[in-house]
Every structure is written in structure tokens, then in C-alpha cells.
Amino acid sequence: MKTFKIAIDGPAGVGKSSTAKAVAKKLGFVYVDTGAMYRSVGVYCLDNNLQPEEVVPHLDKISIDMKYIDDIQYVYLNGEDVTKKIRTPEGSIYASKVAVIKEVREKLVSLQQQMGMHNNVVMDGRDIGNRVFPDADAKIFLTASAEKRAERRFNELNGTVPYDEILNDIKFRDKNDSTRKIDPLRPSSDSVIVDNSDMTLEETILHIYNICIERIEK
Ligand code: DC
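None of these values were measured; they are calculated from a predicted model. (Residues numbered from 1 in each chain as written. Predicted model: local features only at pLDDT ≥ 70, side-chain atom pairs only at ≥ 80, totals over all residues. Heavy atoms only, no water.)

With that settled, the discussion passes to the site of the ligand. With respect to spatial proximity, 15 residues lie near the ligand, and among them Arg39, Arg105, Arg126, Asp127 and Arg180 are the closest. Within the contact set of the ligand, a nitrogen atom lies 3.0 Å away from a side-chain nitrogen or oxygen of threonine 34. For the ligand, an oxygen atom lies 2.8 Å from a polar atom in the side chain of arginine 105. Look at the ligand: alone it shows 450 Å² of surface, and the protein chains cover 96% of it. Those elements that place two or more of their residues in the shell around the ligand are helix 2 (34-47), helix 3 (89-98) and helix 7 (163-179). (Near = heavy atom within 4 Å. Polar contact = N/O pair within 3.5 Å; in protein donor to acceptor, adjacent residues only side chain to side chain. Areas by Shrake-Rupley, 256 points an atom, 1.4 Å probe, with all protein chains shown as cover. Helix = DSSP H or I, 4+ residues; strand = E, 2+ residues; numbered from the N terminus.)

Below, the structure written as C-alpha cells:
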């Protein structure tokens, strides 16, 4: 059975998840948040006092499940609900650190490919167009300036975390994600680059939905 695959890649804090989730809903496809998978492996390290590179021999013991209840994503790590834990600043940093490890990427990429074999998917991440689904029906690279992304996150957190701290975290992750040796964050040659610095979330969703529809109906 042919399944449709939509790849949405881009840097941290650009609105990939909100956009991909809404586009998936409009298309009736399954949304897969691959960042949540890397975050879960990061939380496994934190919970077990492991340095990121020490996680490799544990990979076979790690199971990650994602469920949607009333449009809300819940993430389970070996059966434990880690939905909140994976979003802490420490969780973000550890996610970025485990994401440079070859064995971690191999395991998660293979899980993601299996998801796409059985479902029509909208998948967001960093390497979806380049690695997970080089044959995706549509590849979008969603981007915005680091300052704009930090500003949005600052507003989302109602000013509870200083702007400079958020900007530094975004810049740290941008550097880590785009300079790593394996599958660095970069647009594939056949992706459509969408800069949403001056777009609202609704505009971004509609724009990407229209690109997907055009590709799917081809
Ligand atoms: O999208 P996110 O911020 O939840 O991702 C968390 C971390 O995982 C981020 O630092 C990059 C990494 N990641 C990755 O390397 N490849 C993916 N497909 C998804 C996320």
C-alpha cells in the first residue's frame, strides 16, 4: 500500500510541531513528533544518571510510545508518562546531546520509517527529508531567525524565563544540530524553504497545507 509522507524539518522553536500537527489534522494523517523521541532518550539518561554516550548499551531496553488524547500528545518512556519531563530545559539539552550519537539515530530513524510504512504521516524533525524519508511526497524546511524564535518562546512562557536565556539555548541547539557529523540539520536540495519570521501560525499552517495538497493530488 502506498502511504503519503510529509517531511517538515527546521531548527528549534520555529513552530514545526504546532504546524505539523495542524497540517496532519487537516490532511487526516498521523502526526509524528520525532523530537519527542530524542527527548525521551535524553530523559532516560537523566533518570539513570548516564552521560549521553553511556546510553548506547541501554538502547534495546528503551521503548517510546506516543498517544493522542483530545489532540494532546502524551509521551511514554518504558510505560512512564514523560510528557512534561521531556520539555524541561535539561531535557532539551540532553535531547540535543543524544541526537549526535550514531546508534541512537539508527534506532529512532528505523522506528520512524516503520511508522511511515503503515500510515500516512506528517513527521517533523531535523533529518526527515534527508534521512528518514528521502522519497517523501513533500519536503518542507521551516525556518525563522533565532531572535524571532526566542521572542515567540519568551511570550509562550509569559516572560517566566529571561529572553537571553532562551536565545542562548536556541543558539546552542542550532549549533549542535547543524554542525554534528551525522545527519546535521540542513535543507535537502528538493525541499521547499518556508521562512515564517513574518507569518502567523495560521498563515504558516495554510501555506504548508497548500503545498502538501498540491503534491498529494499530483
Ligand atoms: O524538535 P525538538 O526541539 O523537540 O528536538 C529535540 C532535539 O532532538 C533537538 O536538539 C534536535 C534533535 N532531533 C534530531 O536530531 N532529529 C530529529 N529528527 C528530531 C530532533
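There's plenty left to go through after this.
Next up on the list: the packing of aromatic side chains. One pass over the structure, following the stated rule, counts three aromatic pairs. Seen from their ring centres, phenylalanine 4 and phenylalanine 29 are 6.2 Å apart, and the 15 degrees between their planes marks the pair as stacked. Taken as a pair, phenylalanine 4 in the segment before strand 1 (5-9) and phenylalanine 29 in the loop between helix 1 (16-27) and strand 2 (30-33) lie far apart in primary sequence, 25 residues in all. A relative accessible area of 21% means that phenylalanine 4 is categorised as partly exposed. Here lysine 67 stacks its cationic end above the ring of tyrosine 76, 4.7 Å away from the centre of that ring. (Phe/Tyr/Trp six-rings, centres within 6.5 Å; stacked < 30°, edge-to-face > 60°. Buried < 20%, exposed > 50% of the residue type's maximum accessible area, 1.4 Å probe, protein only. Lys NZ or Arg CZ within 6 Å of the ring centre and 35° of its normal.)

Moving on to the pairing of strand 7 (residues 138-143). Of all six residues in strand 7, six are buried, a share of seventy percent or more. The alternating pattern of strand 7 places Ala138, Ile140 and Leu142 and Lys139, Phe141 and Thr143 on opposite faces, both of which are buried. Here strand 1 pairs with strand 7 via four bridges, running parallel. Bridging from a neighbouring strand, isoleucine 8 pairs with isoleucine 140 of strand 7. Across four bridges, strand 7 lies against strand 8 (residues 192-195) in parallel orientation. Paired with isoleucine 140 across the strands is valine 192, a residue of strand 8. (Pairing = 2+ DSSP bridges.)

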